[in-house]
Amino acid sequence: MKRLIILILLVILTFSAMGCGRQPAADTDKTIVYTTIYPLYFMAKEIGGDRIDVTNIIPAGVSVHEWEPGTRDIANLSKADLIIYLGMDLDSWILKTQSSSSQAVYYEASKNIKPIEEGNTVNPHIWLSPKNALIMADNIKEALISVDESNGEYFEQNYKMLAQRLSELDKRYSETLSNVSKKSFVVYHKAFSYLARDYGLEEISVIGLNDEQEPSLAQISRVIDYCKANDIKYIFTEPLVTPKPMQTIADETGAQILTLNPLGGLTEEEEKNGEDYISIMQENLKNLQKALE
Ligand SMILES: [Zn+2]
């Protein structure tokens, strides 16, 4: 597999060496943008509007933690003007796709965000706090301007509208979550640590940072004990992972199950229903409020 990837990279390299190297995008051409995960895609689309052609790389319905690009993804990326990735070790595979044949600018969207670290590991789930989303939107605006200055004014305008919506979201989170009586919530994996940090809550998780891990019996019983000791009435599952350990916890404690969406991707159904980053974040807040009241 690795050999095949190298072979294809060589082919791409050869073809672009043959004289079809990228020209700087003409004003009439749309800037070709790739993003790794859905929240970045959403923000790039909102800010870039009709001046960019944006594609998200990681498909919906898979774990963003374990995903690696295939040969076709790598070939597609070689056509990009701008590649926006999250950083914080979530999508570091992206840097392996850099090649001399592509002039794509690689931009790390987590710039200027204060990381939550556990030992040597950084928690990458920054997008689940609206406060971070505001910083990410600013970064993505800068990224777009860096590759297409001629549309700078347009990107600024769109950014202002998005920042306004994100500020309102932040305000709703702050107001709602400062008025709840419970302060801790139980989830499957540590996707909501930034949300907890930024809005004064405590996240209790069954497993660690990666939703592909299998929980041990000890991890499950630790959470069962916590729920019983703290009179937890609701626990949270995620749309993309098997709810089996959470079902066990619910059965053992009598807690009901609600959903918190970690927003790594948007399913086709969610897309069809007109859902987006903001509507799902509002839904998350509604469910959090219900659990914490
Ligand atoms: Zn995750």
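Going by the structure above, here's the rest.
Residues numbered from 1 in each chain as written. Predicted model: local features only at pLDDT ≥ 70, side-chain atom pairs only at ≥ 80, totals over all residues. Heavy atoms only, no water.

Draft legend 1. Just the overall build of the protein, in detail. In terms of helices and strands, the protein carries 10 helices and 10 strands. The burial tally for the protein puts 51% of its 293 residues in the buried class. Restricting to contacts in the protein with at least 6 residues of sequence separation, those with at least 24 account for 64%. (Helix = DSSP H or I, 4+ residues; strand = E, 2+ residues; numbered from the N terminus. Buried < 20%, exposed > 50% of the residue type's maximum accessible area, 1.4 Å probe, protein only. Contact = heavy atoms within 4.5 Å.)

Draft legend 2. A look at helix 8 (residues 244-253). Where helix 8 is concerned, the buried positions are P245, M246, I249 and A250. Axial view of helix 8: buried residues confined to an arc of 140°, hence all on one face. Residues K244 and D251 are exposed on helix 8 and point more than 90 degrees away from its buried face. Tucked inside the fold, the buried residues of helix 8 contact strand 7 (184-187), helix 7 (217-229), strand 9 (234-237) and strand 10 (256-259). After helix 8 finishes, the residue G254 shows a positive phi value of roughly 80°. (Arc of directions from axis to C-beta.)

Draft legend 3. Highlighting the sheet that holds strand 3 (residues 82-85). The 4 strands are arranged 2-1-3-4 in an open sheet whose pairing can be described as parallel. Lying at the two open borders of the sheet, with one neighbouring strand each, are strand 2 (52-56) and strand 4 (105-108). Within this sheet the neighbouring strands show an average axis-to-axis angle of 20°, counted without direction. With 3 bridges joining them, strand 1 (residues 31-35) and strand 3 adopt parallel strand pairing. Paired with V33 across the two strands is L82, which belongs to strand 3. (Pairing = 2+ DSSP bridges. Axes fitted to C-alpha atoms, helices over the stretch in contact; angles between N-to-C directions.)

Draft legend 4. How the structure looks around the pattern of salt bridges. Enumeration according to the criterion identifies 11 salt bridges in this entry. Note that R197 and D198 form a salt bridge whose closest N and O atoms lie 3.0 Å from each other. If you follow the salt bridges from partner to partner, you end up with D138, K141, E142 and E156 in one network. (Salt bridge = Lys/Arg side-chain N within 4 Å of Asp/Glu carboxyl O.)

Draft legend 5. Molecular detail of the packing of helix 7 against helix 8. Between helix 7 and helix 8, the shortest axis-to-axis distance is 10 Å and the interhelical angle comes to 40°. The crossing of helix 7 and helix 8 is right-handed. Between helix 7 and helix 8, the contacting residues are I220, V223, I224, C227 and K228 on the first element and P245, T248, I249, E252 and T253 on the second. For the contact of helix 7 with helix 8, the class distribution of residues is 6 nonpolar, 2 polar and 2 charged. (Left-handed = near helix turned anticlockwise from the far one by under 90°. Nonpolar A, V, L, I, M, F, W, Y, C, P; charged D, E, K, R; others polar.)

Draft legend 6. Quick peek at the coordination of the zinc ion. Every protein donor of the zinc ion is listed here as H65 (NE2), H125 (NE2) and H189 (NE2), and their distances to the metal cover 2.0 Å. Taken in chain order, the donor set of the zinc ion reads H-x59-H-x63-H. Placement of H125 in the loop between strand 6 (121-123) and helix 4 (130-147) and of H189 in the loop between strand 7 and helix 6 (193-198) is noted, with a sequence separation of 64 residues between them. Of the two residues examined, H125 and H189, each falls in the buried class. (Donors = N, O, S within 2.8 Å, 3.2 Å for Na, K, Ca; no water.)

Draft legend 7. Highlighting the packing of helix 4 against helix 5 (residues 152-178). Where helix 4 meets helix 5, the closest approach of the two axes is 9 Å, and the angle between their N-to-C directions is 175°. By the angle between their directions, the pair helix 4 and helix 5 is classed as roughly antiparallel. Residues P130, K131, A133, L134, A137, D138, K141, L144 and I145 of helix 4 form the contact with helix 5, whose participating residues are G152, F155, E156, Y159, L162, A163, L166, S167, L169, D170, Y173 and S174. Looking at the contact of helix 4 with helix 5 residue by residue, the class counts come to 13 nonpolar, 3 polar and 5 charged. (Parallel < 35°, antiparallel > 145°, perpendicular 65-115°, else oblique.)

Draft legend 8. Spatial organisation of the side chain of D211. Assignment of secondary structure puts D211 in the loop between strand 8 (202-205) and helix 7. Among buried Asp, Glu, Lys and Arg side chains, D211 stands out as unpaired, with K190 the closest opposite charge at 15 Å. A polar contact of 2.5 Å, which involves the side chain of D211, links it to the side chain of S63. (Lys, Arg positive; Asp, Glu negative; His and termini not counted. Polar contact = N/O pair within 3.5 Å; in protein donor to acceptor, adjacent residues only side chain to side chain.)

Draft legend 9. Representation of the packing of aromatic side chains. Applying the stated rule across the entire model yields 7 aromatic pairs. Here W67 and W93 contribute two aromatic rings whose centre-to-centre distance is 5.1 Å and whose plane-to-plane angle is 65°, an arrangement assigned as edge-to-face. Residue W67 is found in the loop between strand 2 and helix 3 (71-77), and its partner W93 is found in the loop between strand 3 and strand 4; the two are separated by 26 residues along the sequence. Both rings, one in F185 and one in F236, keep their centres 6.4 Å apart while their planes meet at 80°; by these two values the pair is edge-to-face. In this pair, F185 is assigned in strand 7 and F236 in strand 9, connecting sequence segments 51 residues apart. Counting every residue linked through ring pairs, the aromatic cluster contains Y38, Y41, F42 and Y277. Between the NZ or CZ atom of R51 and the centre of the ring of Y154, over which it lies, the distance is 3.8 Å. (Phe/Tyr/Trp six-rings, centres within 6.5 Å; stacked < 30°, edge-to-face > 60°. Lys NZ or Arg CZ within 6 Å of the ring centre and 35° of its normal.)

So yeah, pure geometry; function would need other evidence.
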